[in-house]
Amino acid sequence: MSNSKSNNPNNIALRVLFPTLINEAWYPNIEKERESLVSRIYEIRDGDKQGRELSEKQYVNGYTSYFTQKKLHNDRIFKNLLRFIREVAIDYATKQYWDLDKHTLELKGFWCNINGKNSYHRDHIHPNSQISGVVYLQCNEESPAISLKDPRAIRWHSVPPAKQNRPENSTYASITPGLGKLLMFPSWLEHGVPMNTSDEDRISMSFNFDLRAKARPWGKRK
Ligand SMILES: [Fe+2]
């Protein structure tokens, strides 16, 4: 076995700065809960006339509870899923050395999405949050992958030609959905979902977390 010095006589080191970190996890209860979660999401859609009307304008052929259902986190059917999402969020914050002694991760949004045939999500970010993410509850091999955009200026600059597309040289990336797969990423990361050409609805739940100070940073109220 050759030593690393002979392989690298000039001691060249490639430093990685400003990485975009994404937590990927799998919901362990998915098989057990999938059916009830999916049927509850259809029930929410069917009972949400205003949400369907707004979705028709902003999210053609799809439904999202984002505009109208602000209390899904209180729905007991999502209790285990939310506990899991919180665990993954704490892991994500901890890995980045965020100060969870003096701050707490507060769930700011939790909503369901039904990507019907021919629906898509325009590219967007989630303002005023630190962590955003999605967990897939129904999808198949034809379901579209979430697309992620490099936030650095290089995306608008001159991208060097590469021999192959790799994480080291890409300015766009996509991650395929999977049943029970959870993706967690910075809220500033631009993302979207291409058109769903499958006959099956692609169903997911999305969320935002905000990092809030536990104590009032400007001192106690007198
Ligand atoms: Fe999003």
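What counts and what doesn't
- Residues numbered from 1 in each chain as written.
- Predicted model: local features only at pLDDT ≥ 70, side-chain atom pairs only at ≥ 80, totals over all residues.
- Heavy atoms only, no water.
- Helix = DSSP H or I, 4+ residues; strand = E, 2+ residues; numbered from the N terminus.
- Buried < 20%, exposed > 50% of the residue type's maximum accessible area, 1.4 Å probe, protein only.
- Contact = heavy atoms within 4.5 Å.
- Areas by Shrake-Rupley, 256 points an atom, 1.4 Å probe, with all protein chains shown as cover.
- Lys, Arg positive; Asp, Glu negative; His and termini not counted.
- Charge placed at Lys NZ, Arg CZ, Asp CG, Glu CD.
- Donors = N, O, S within 2.8 Å, 3.2 Å for Na, K, Ca; no water.
- Pairing = 2+ DSSP bridges.
- Axes fitted to C-alpha atoms, helices over the stretch in contact; angles between N-to-C directions.
- Core = buried A, V, L, I, M, F, W, Y, C linked by side-chain atoms within 4.5 Å.
- Disulfide = S-S within 2.5 Å.

A. View of the overall build of the protein chain. Broken down by element type, the protein chain carries 4 helices and 10 strands. Each helix and strand of the protein chain, placed in order from N terminus to C terminus, yields the pattern α-β-α-α-β-α-β-β-β-β-β-β-β-β. When the 222 residues of the protein chain are sorted by exposure, 40% land in the buried category. Long-range contacts, defined here as pairs at least 24 residues apart, represent 85% of the contacts in the protein chain between residues at least 6 apart. Counting only carbon and sulfur atoms, one obtains 51% of the accessible surface of the protein chain, whose full area is about 14300 Å². For the protein chain, the centre of its 33 positive side-chain charges and the centre of its 25 negative side-chain charges are spaced 9 Å apart.

B. A look at the coordination of the iron ion. Surrounding the iron ion are the protein donor atoms His124 (NE2), His126 (NE2) and His191 (NE2), at 2.1 to 2.2 Å. Read in sequence order, the donor residues coordinating the iron ion give the pattern H-x1-H-x64-H. Taken together, the residues span a long stretch of sequence, with His124 in strand S4 (residues 121-124) and His191 in strand S9 (residues 191-193) at a distance of 67 residues. A residue is classified by how much of its surface remains accessible, and His191, at 5% relative accessible area, is buried.

C. Seen up close, the sheet that holds strand S7 (residues 172-175). On the basis of which strands lie adjacent, the open sheet formed by 4 strands has the order S4-S9-S6-S7 and antiparallel pairing. In this open sheet, the two strands that pair with only one neighbour each are S4 and S7. Each neighbouring strand pair of the sheet contributes to a mean axis angle of 20 degrees, computed without reference to strand direction. Here 2 bridges tie strand S6 (residues 146-149) to S9, and the two strands are oriented antiparallel to one another.

D. Spatial organisation of the side chain of Thr171. Within the secondary structure layout, Thr171 lies in the loop between S6 and S7. Residues contacting Thr171, with those up to four places away along its chain left out, are Leu148, Lys149, Asp150, Ile154, Arg155 and Val159.

E. Region of the structure containing the nonpolar core. Ranked by size, the top nonpolar core spans 32 residues in total, and within it Ile85, Phe110, Leu182, Met184 and Met205 carry the most contacts. Of all the secondary structure elements, the ones that give two or more residues to this core are helix H2 (30-46), helix H4 (79-95), strand S3 (103-115), strand S5 (131-138), strand S8 (181-186) and strand S10 (202-213). It is H4 that provides the largest number of residues to this core, a total of 8 residues. Discounting residues that sit within four places of it in the chain, Met205 has contacts with Ile41, Leu72, Phe78, Leu81, Phe110, Trp111, Cys112, Asn113, Gly133, Val134, Val135 and Leu137. Counting 9 residues, the second largest nonpolar core, distinct from the first, contains Leu148, Ile175, Leu183 and Phe185.

F. Just the state of the cysteines, in detail. The final tally for this structure, using the stated rule, is 0 disulfides. The thiol sulfur of Cys112 is not disulfide-bonded, and the nearest other cysteine sulfur, from Cys139, lies at 16 Å.

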